[in-house]
Amino acid sequence: FSLAPIPQHAFLSYTIPGKPGLLCSVMNPDSLTIPPHTKHDDECADFRTGYPPIEAYETGFLQVSDLHNIYWEQSGNPAGNPVVVLHGGPGGGCPPSYRTYFDPAKYRIIMFDQRGAGQSLPFAELRENTTWDLVSDIEKLRVHLGVEKWVVFGGSWGSTLSLSYSQKHRDRVKALVLRGIFMCRRPELAFFYQEGSSWLFPDAWEKYIAVIPEVERHDMISAYYRRVTDDDPAVRLEAAKAWTTWEMSTSNLIPNEEKIAQGEDPKFAEAFARIETHYFVHGAFMRNDQQLLEDVDKIRDVPCTIVQGRYDVVCPMKSCWDLHRAWPEADVKVVSDAGHSMSEPGIKSELVKACDLYADL
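Residues numbered from 1 in each chain as written. Predicted model: local features only at pLDDT ≥ 70, side-chain atom pairs only at ≥ 80, totals over all residues. Heavy atoms only, no water.

### Digging into the environment of E270
Tracing the chain through its elements places E270 in helix α8 (residues 266–281). In the structure, E270 is positioned 32 residues away from E238 in sequence and 9.4 Å away in space, judged by C-alpha atoms. Those residues within four positions of E270 in sequence are excluded, and the remaining contacts are F123, A124, R236 and A240. (Helix = DSSP H or I, 4+ residues; strand = E, 2+ residues; numbered from the N terminus. Contact = heavy atoms within 4.5 Å.)

Here it is in C-alpha cells:
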C-alpha cells in the first residue's frame, strides 16, 4: 500500500492579518480531482453492481438440536457451485438481497439463519447458542443438502464464523470470501463499544450511552447484556433498540437512514442485541483472543479474498491487517471509500468480483 505525494500546486498560501511572519497553507480546491477508484459508474469497466434479484427455489427447516430449528434456503442453479452464506451479527439473519452477490447461473446459493436469528426457532434464544454450535450446524446443513465441498462467504461476524468453520473443517472448503474482518478480540470490541468509534460518531454515541446509568458505563457490553436479558420486556426492547441503532448508525461511510431505521425494528433489534451481547460477554467462546490467528496454518492453502473498507469503524482495518500479516497468501482488497456495510458500492463490487473468481472451482 502506498500514498501518492500531494503536488505543490495543490496548496494556496496566505498570511494572517497582523501576523506578517506567519504563512499558512490550505488546499486549493481547483487542484482536487476524483481518483479513479472512487468512480462507481460506467467509466470503470470492471465495477460491479451485483446480479438481479432472484427468488429461492427451495426453503426448509433443519432440526439441529432438541431446542433449535434453523431456517435455510437455496437459490440460483441447483447444479451450480455450492456457496454457503454466513450472515453477520451474530443475530442478523440473511435477507434476500444477499443472493445478488452471486452469479445465479453458476452458483447454488445456500443461505441460513443462525440459531435464534431471522426465521430460525426459537426466536432470539441464547441457550445452546455458541460459535461451535453454529459450526456444527453448518456441517449438519452441508450433509442435509448433500454438498461435498463449498465456497464459504461471510462478513463481519460472518467472517469470524467463516474462519472458525474452515479451520475446523478445512476439507469441506473450496474457497473463502471474507469482508470486514472481525475476530471478536477484546480490543476490537472495546474500540467500537467502549471508546474509539465514539470519537468519530459522538452524536450517535450519546444516544447509545443514554440507556446506561453512568455508574455502569465502564463496561458497556456487560451493562447492555444485563438489560437485553432482563425479565421486563420494556427494559429489553429499549436496550435492544439503542444497541442496534448504534451499529446501524456507524456501518456506512455516509450514514444510511434506511439502515439506521432498522435499529427501531423491535423483532430485528431484539435478536440482534441479545445474541451479539451473549457472544461478546463470552469472548465468542474461543479458547483465547488469538485463536483465529493462531490457527491460520490450518487454512493457509485455501484460496481466499478479503474485502475491507478503509474507514470501517465497526470492524476496523487493524483486524484485517493482523490477519493479512498472519496470512499473506490471502488476497486483500482495501476499498478506500467505504465503511463497514457490504452494500456500499465499492465493497459490493469487490465481493461480486471475488465470487465470480471462484464460481468455476
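### A few points about the pairing of strand β6 (residues 107–112)
Counting buried positions along β6 yields 6 of 6 residues, so the element is predominantly enclosed. Taking every second residue as pointing to the same face, both faces of β6 are buried, with Y107, I109 and M111 on one and R108, I110 and F112 on the other. Bridge analysis of strand β4 (residues 69–76) against β6 gives 5 bridges, and the strand direction is antiparallel. Each bridged residue has a counterpart across the sheet, and for W72 the counterpart in β6 is F112. (Buried < 20%, exposed > 50% of the residue type's maximum accessible area, 1.4 Å probe, protein only. Pairing = 2+ DSSP bridges.)

### A closer look at the packing of aromatic side chains
Throughout the structure, instances matching the rule amount to 20 aromatic pairs. Centroid distance F61 to Y71: 5.6 Å. Interplanar angle 65°. Geometry classified as edge-to-face. Placement of F61 in strand β3 (residues 58–63) and of Y71 in strand β4 is noted, with a sequence separation of 10 residues between them. For F61, a relative accessible area of 41% corresponds to the partly exposed category. Where Y101 meets F153, the ring centres are 6.0 Å apart and the plane angle is 55°; that geometry is what we call tilted. (Phe/Tyr/Trp six-rings, centres within 6.5 Å; stacked < 30°, edge-to-face > 60°.)

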